Amino acid sequence: MELISGLPEDVARDCLIRVSYQQFPTVASVCKLWKSEIHAPEFRRQRRSTKHAQKLIAMVQARVELGTGSTKRLTNPVYRLSVFEPETGNWSEIPPPPEFYSGLPMFCQLVSVGYDLVVLGGLDPNSWEASNSVFVYNFLSAKWRRGADMPGGPRTFFACASDSEETVFVAGGHDNEKNALRSALAYDVTSDLWVMLPDMEAERDECKGVFCRGRFVAVGGYPTETQGRFVKSAEAFDPATRSWSEVKEDFLDCATCPRTFVDGGDDEGVFLCSGGDLMALRGDTWQMMATLPGEIRNVAYVGAFDGTLVLIGSSGYGEVHVSFAFDVKSCCWRKLESPEGFRGHVQTGCVLEI
Amino acid sequence: MSDAAMAVVKPEMKSYIWLQTVDGSIQQVEEEVAMFCPMICQEVLQTGMGSSKNYAISLPQRVNPAILGLILDYCRFHQVPGHSNKERKTFDEKFIRMDTKKLCELTSAADSLQLKPLVDLTSRALARIIEGKTPEEIRETFHLPDDLTEEEKLEPLRNITDDPRIRLLNRLYARKRKELKERKKLKDVEVEEEPKDERSVEDLLSFINGADGDMKGTRTNKNKKKNRRRKDHAKDLSSKNENDKDLNPLPSAYHNVYFDNALEASASKHSRMQNLPAISFSPKFEVIDGDVDDDLDPAMKEELDREVEDFARRLNSDWPERMQILSLGQDRRLVPPISMNSNGSTHLYTALAGNSISKVSGS
């Protein structure tokens, strides 16, 4: 039985890997052969190696009433999952699971692993209760499933990052009594299992997590005793040795909230927005790369891929959110189009390549 | 080797390469066009073949004469260095306009001739064709078997949840939908016969209701009132089952009468369902019943009512336990899929699960 009759296997596969990700569920429901083809690791590998994988930025974004520009409102905005395709400029929405019909949790975390998009934790938008829930959206089937809750007590404002292939890492945050946590966890998406990791050296509330150069890095945050006084240190977890590195003091240039800290990839290094500027870490020193355009002075989210940064922000509280792309090599800013309905505040996001 | 070399050296004379397709036919092709194909180019340079009829290059089996013609058209255009990118793109767009079968043959042939740009072009075209089709259409186009089970297929109503209650509910919905479709088809056929039916049914009507001479109009009003009452009972479900609207039953008196009786009979069941804690799926059934059941025959209706009641009973019995489990945050069940066209089943699940899930707190 051939994938496509008359075509040799590799040529047929060459056609299938060019299909847009939105058609994955269709391809998977044609027949057994096509279903197994699209699920095979080889499919994803070839899609990426032939540069047919699509870049997406999934984000937790506030829904703005059409027709109004601003998000100034008395009630809490309702957050939905938006998807932006930087290569085509296309914006779309992923329908939420029933549990999130009244909005995604506030301050939830979003990471991607393979074809899965994982939504972790957050506060219920109506009751403000902290939740350790895990919801996973699969792009191959366009379906949601619920994963195992994060173990341990309630945890919010934690660092979260994935190695994009198998594992989601969680560290720090705070519990219901606002005690900063130093504990860390890892979640294997395929087997739906959580494991405890060794504790971090420092308590880190509101720290930022990134995965770079094979290690999970927890950046900044603050301990229980000094609420809101962000530290400049960071520590890295190496999955190979299952241990945390020495704390690196003065990893950040200044004591600031590390929310906009992002890893640009192996070649580009890491970035951070601070004081109206976009900073880059070159070697051991932070350098100013560019001034942020006024329209995105308040940066809500920074995503990075392939030498480009996508920044979403607003000019002030309650204002419309706009997106800019920043090319790292040329240091040029380019404003991106966002249709009505996709101009709300962005809590968090993640870059995927599928 | 010398022949080929000589052919190249005479610029005034057009040089030709001789090609033989698998069916045995031989043709000559302008040299610059044929050499655009890496496979042919390789043959000429390495073996010296192709310089005369007797030494024609044998093309791979996947290249038949018709397809070869197409490929050569492609090569003839693209080997000219003068064209702009835009011109090439325009040519390509027009070039690939052909039926899917031929497109597959072309892809295959181009691949065997190692003509990568054409393989890219045709693969992309095939991908676009796939993107524009439903699974059923794809199976038809590419002659693929329909061998996935209902569970494995990804229709919105089908789901992969463990919960048997959701599965039963969806099955009921699916069956109702099917019946509605069939009823609608029959109805479309019966439309002309309708007036005749009504008259004889008027007689039946008065017989059943004790011949108090009720006009059809009054009866209809009574039904409408009942309908509205039932709908008021239903919790706020913003989207109705689409089929409800489609159906728009013709107010045949016979059907209305039956509907009255059926409503009364199942009223008690419905009110019992109303008492379920924080679960509003029963009203949804009522809404469907109200609009649709006129058309179902009595036996079918009874069976469905029974199933609904059974479902409600089962749900009622272990739902409190379920809520308990959920609130402890230890339940790792799968959730049913989302249907983008907001039909009844999706909102139904909200009603079922919405209240409990939002209160989950980690422990």
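Conventions used here
Residues numbered from 1 in each chain as written. Chains lettered and ligands numbered in written order. Predicted model: local features only at pLDDT ≥ 70, side-chain atom pairs only at ≥ 80, totals over all residues. Heavy atoms only, no water. Helix = DSSP H or I, 4+ residues; strand = E, 2+ residues; numbered from the N terminus. Buried < 20%, exposed > 50% of the residue type's maximum accessible area, 1.4 Å probe, protein only. Contact = heavy atoms within 4.5 Å. Areas by Shrake-Rupley, 256 points an atom, 1.4 Å probe, with all protein chains shown as cover. pLDDT = per-residue confidence, 0-100. Core = buried A, V, L, I, M, F, W, Y, C linked by side-chain atoms within 4.5 Å. Polar contact = N/O pair within 3.5 Å; in protein donor to acceptor, adjacent residues only side chain to side chain. Axes fitted to C-alpha atoms, helices over the stretch in contact; angles between N-to-C directions. Parallel < 35°, antiparallel > 145°, perpendicular 65-115°, else oblique. Left-handed = near helix turned anticlockwise from the far one by under 90°.

A count of helical and extended segments in chain A gives four helices and 24 strands. By residue count, 61% of the 354 residues in chain A fall in the buried class. Look at the contacts in chain A between residues 6 or more apart in sequence, and 48% of them connect residues 24 or more apart. For chain A, the accessible surface area stands at approximately 13900 Å², while carbon and sulfur atoms represent 50% of it.

Right, let's talk about the confidence of the model for chain B for a bit. Residue and element names in this part refer to chain B. Chain-level pLDDT for chain B is 65 on average; 42% of the residues reach the 70-or-more range. Per-residue pLDDT stays below 50 along residues 192–198; that stretch engages in five contacts with residues further than four places along the chain or on separate chains. Note on residues 211–296: pLDDT is under 50 here. Beyond four places in sequence and across chains, it has 134 contacts.

Let us look at the nonpolar core. Counting 85 residues, the largest nonpolar core has Trp 34 and Leu 117 of chain A together with Ile 40 and Ile 71 of chain B as the members making the most contacts within it. Here this core gets eight residues from one element, more than from any other, and that element is helix H4 (residues 65–78) of chain B. Setting aside its immediate chain neighbours within four residues, Leu 117 of chain A contacts Ala 58, Leu 81, Ile 94, Leu 110, Val 111, Ser 112, Phe 135, Val 136, Tyr 137, Phe 139, Cys 350 and Leu 352 of chain A. One finds Val 299, Val 302, Leu 309 and Phe 324 of chain A within the second-largest nonpolar core, a separate group that totals 18 residues.

Further remarks concern the side chain of Ser 314 of chain A. All names here are of chain A. For Ser 314, the location among the structural elements is in strand E21 (residues 308–314). A distance of 2.9 Å separates a polar side-chain atom of Ser 314 from the backbone oxygen of Gly 316. Once residues lying within four places of it in the same chain are set aside, the contact partners of Ser 314 are Gly 294, Glu 295, Ile 296, Arg 297, Asn 298, Glu 319, Val 320 and His 321.

All names here are of chain B. As a packed pair, helix H6 (residues 100–112) and helix H7 (residues 116–131) sit with axes 9 Å apart at the nearest point and diverge in direction by 150 degrees. With respect to their mutual orientation, H6 and H7 come out roughly antiparallel. For the pair H6 and H7, the crossing hand works out as left-handed. For the pair H6 and H7, contact is made by Thr 100, Leu 103, Cys 104, Leu 106, Thr 107, Ala 110 and Asp 111 and by Leu 118, Val 119, Thr 122, Ser 123, Ala 125, Leu 126 and Ile 129, respectively.

Residue and element names in this part refer to chain B. Inspection of the secondary structure puts Cys 75 in helix H4. Relative accessible area serves as the criterion here: at 0%, Cys 75 is assigned to the buried category. Sequence-wise, Cys 75 and Cys 37 are 38 residues apart; in three dimensions their C-alpha atoms are separated by 7.5 Å. Among all residues touching Cys 75, those that are not within four sequence positions of it are Val 33, Phe 36, Cys 37 and Leu 115.

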